[in-house]
Amino acid sequence: MLETTIAAIRPADETAMAAARELHGRLTKPAGSLGALEDLSVRLAGLAGACPPPLPGPAAVAIFAGDHGVHAQGVSPWPQEVTAQMIGNFLAGGAVVNAFARQAGASVTVVDVGVATPLSAGPVPDPTVLDAAAPAPAVLDPAVPRLVVASVRRGTRDLAVTAALTRDEALAAVQTGIRIADELIDAGARILLTGDMGIGNTTPAAALIAAFTGVDALDATGRGTGVDDPTYAHKVGVVRAALARHAPDPTDPLGVLAAVGGLEHAALAGLILGAAARRTPVLLDGVIAVSAALAAAAFAPDAVGAMVAGHRSAEPGATVALRHLGLEPLVDLGLRLGEGTGALLALPVVTGAVRVLHEVATFDSAGVAEK
């Protein structure tokens, strides 16, 4: 599945991009007056191979959830059980991501790809099980969050001690993300938004960013849920030691994910690859998403053409990753929540960029004189 998905990813359509640029030059506005929105609409035309590109809706948020063995190193003040408890909150509609999704009219799919706490014993009595051979069809209902259980294992191993995952486990998580992308697009989604949940997941995110970009652990590591100075220094040390122990090779993205990644990071990389293969834009959220995007780009460089950076996370590694990918975030609000919240806030910006090409009159059609 991974190989065929990568093979389906193609470069941007230059003809469609040229047509979008030419159309912008004829619309009733000064040339370049919409700034980054014009560049975004041109990129989306290149992705779709059409001018104007399709409007990015319906929108579907995919929240991948997993736990992390490195939590045992004391890198987060939050108990690991919060991951499963937050899944219950997502499904009850009580999280920030739910509020923003309702505002945007986006559906929410929560995917347990590696939560340590059995959900059937916790907040979720009746999960929908994803059968790899015959996945249940998705329903894009903004009013009803949906859970898919596709657990590869109950949390990763401690990356400070050993590889977080085997290569087979990392591959299974990537392929789960690809399946979810296909499922949501088949159900009618025209843009996918990345979400994540996992106590301690900014530690593997920092390790992934450092591994793929080559920066020092200090530059890739942030405070996550707001740790104090001693815990932050310890967290940087954990990341640095893990990189030294595993020496991940950035030309082997599956190996990097296995050594220092998380199951949600791997699944998000798969979601991005799946969207790129279907020429569907994927709106990236924060530091977890962009660390996964680095892995997706290492698998298939042309996958960057499907990526839209929703916002600039307050986590320093996010800026490092976006710079490496050559992506500029649409909004910068100092967010560091995750869940998909920043991507949802950026969604109207993406929609507006495309709607301009669909609905704004040309100088000729409106009878407006050009300069």
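Keep in mind that this is a model prediction, so the values were computed, not measured.

Overview of the overall build of the protein
Phase 1: Regarding its fold elements, the protein presents 15 helices and 7 strands.
Phase 2: Rg of the C-alpha trace for the protein: 20 Å, near the compact-globule value of 21 Å for 371 residues, within the 12% margin.
Phase 3: Overall, the C-alpha framework of the protein stretches about 70 × 45 × 40 Å when taken along its three principal axes.
Phase 4: Taken over 371 residues, the protein has a buried fraction of 56%.
Phase 5: Look at the contacts in the protein between residues 6 or more apart in sequence, and 79% of them connect residues 24 or more apart.

With respect to the confidence of the model for the protein
Phase 1: Counting all residues, the mean pLDDT for the protein is 92, and 94% of those residues have values of 70 or more.
Phase 2: With pLDDT under 50 throughout, residues 127–135 is counted as low confidence; its partners more than four residues away or in other chains account for 17 contacts.

With respect to the pattern of salt bridges
Phase 1: By the definition in use, this model includes 13 salt bridges.
Phase 2: Asp186 is the partner of Arg278 in a salt bridge, and the nearest nitrogen-oxygen pair spans 2.8 Å. Taken together, the residues Arg278 in the loop between α11 (263–277) and β6 (282–284) and Asp186 in helix α6 (residues 167–186) connect sequence positions 92 residues apart.
Phase 3: A residue is classified by how much of its surface remains accessible, and Arg278, at 34% relative accessible area, is partly exposed.

Side note on the pairing of strand β1 (residues 59–66)
Phase 1: With 8 of 8 residues buried, β1 is to be regarded as a mostly interior element.
Phase 2: Two elements, β1 and strand β2 (residues 107–114), share 7 bridges in a ladder whose sense is parallel. Along β2, the bridge assignment pairs Ala65 with Asp112.

Structural notes on the packing of helix α7 (residues 202–213) against helix α9 (residues 229–246)
Phase 1: At a minimum axis separation of 10 Å, α7 and α9 run at an interaxial angle of 50 degrees. What the angle tells us is that α7 and α9 run oblique. The two elements α7 and α9 cross, and the hand of that crossing is right-handed. Counting all contacts with α7, which are made through Thr202, Thr203, Ala206, Ala207, Ala210 and Ala211, the residues of α9 involved are Lys235, Val238, Val239 and Leu243.
Phase 2: In terms of residue class, the contact of α7 with α9 is made up of 7 nonpolar, 2 polar and 1 charged.

Let's talk about the environment of Ile288
Phase 1: One can find Ile288 in helix α12 (residues 287–299).
Phase 2: Residues Ile288 and Gly195, spaced 93 residues apart in sequence, show a C-alpha to C-alpha distance of 8.4 Å.

What to know about the nonpolar core
Phase 1: Counting residues in each nonpolar core, the largest one holds 116 residues, and the members touching the most others are Leu192, Leu193, Leu271, Leu283 and Met307.
Phase 2: Of the residues forming this core, the biggest block, 11 residues, is contributed by α12.
Phase 3: Residue contacts for Leu283: discarding those within four places in its chain leaves Ile191, Leu192, Leu193, Thr194, Val308, Ala309, Gly310, Ala343, Ala346, Leu347 and Val350.
Phase 4: Met17, Ala20, Leu23 and Val356 belong to the second largest nonpolar core, which has 9 residues in total.

Here's the deal with the side chain of His71
Phase 1: Here His71 is to be found in the loop between β1 and α4 (82–92).
Phase 2: The contact partners of His71, leaving out residues within four places of it in the chain, are Ser76, Trp78, Pro79, Gln80 and Ile199.

Section: the packing of α7 against helix α10 (residues 253–260)
Phase 1: Between α7 and α10, the shortest axis-to-axis distance is 9 Å and the interhelical angle comes to 145 degrees. Helix-helix and strand crossings are classified by hand; for α7 and α10 the assignment is right-handed. In this structure, α7 uses Pro204, Ala207, Leu208, Ala211 and Phe212 to contact α10, whose residues at the interface are Pro253, Val256, Leu257 and Val260.
Phase 2: Partitioning the contact of α7 with α10 into residue classes produces 9 nonpolar, no polar and no charged.

Side note on unusual backbone geometry
Phase 1: In this structure, the amide linkage connecting Cys51 to the following residue, Pro52, adopts the cis form with an omega of -5 degrees.
Phase 2: Among the structural elements, Pro52 can be located in the loop between α3 (36–48) and β1.
Phase 3: The omega angle of the peptide bond from Gly57 to Pro58 is 5 degrees, so this bond is cis rather than trans.
Phase 4: Its location among the elements puts Pro58 in the loop between α3 and β1.
Phase 5: Phi is positive for Ala247, close to 45 degrees, though the residue is something other than glycine.

Observations regarding α10
Phase 1: Of all 8 residues making up α10, 8 are buried, and the element is well covered by its neighbours.
Phase 2: Looking at α10, one finds that the buried residues are Pro253, Leu254, Gly255, Val256, Leu257, Ala258, Ala259 and Val260.
Phase 3: Contacts from the buried residues of α10 go to α6, α7, α9, α11 and α12.

So, how was this worked out
Residues numbered from 1 in each chain as written. Predicted model: local features only at pLDDT ≥ 70, side-chain atom pairs only at ≥ 80, totals over all residues. Heavy atoms only, no water. Helix = DSSP H or I, 4+ residues; strand = E, 2+ residues; numbered from the N terminus. Rg over C-alpha atoms; globule rule 2.2 N^0.38 Å. Buried < 20%, exposed > 50% of the residue type's maximum accessible area, 1.4 Å probe, protein only. Contact = heavy atoms within 4.5 Å. pLDDT = per-residue confidence, 0-100. Salt bridge = Lys/Arg side-chain N within 4 Å of Asp/Glu carboxyl O. Pairing = 2+ DSSP bridges. Axes fitted to C-alpha atoms, helices over the stretch in contact; angles between N-to-C directions. Parallel < 35°, antiparallel > 145°, perpendicular 65-115°, else oblique. Left-handed = near helix turned anticlockwise from the far one by under 90°. Nonpolar A, V, L, I, M, F, W, Y, C, P; charged D, E, K, R; others polar. Core = buried A, V, L, I, M, F, W, Y, C linked by side-chain atoms within 4.5 Å.

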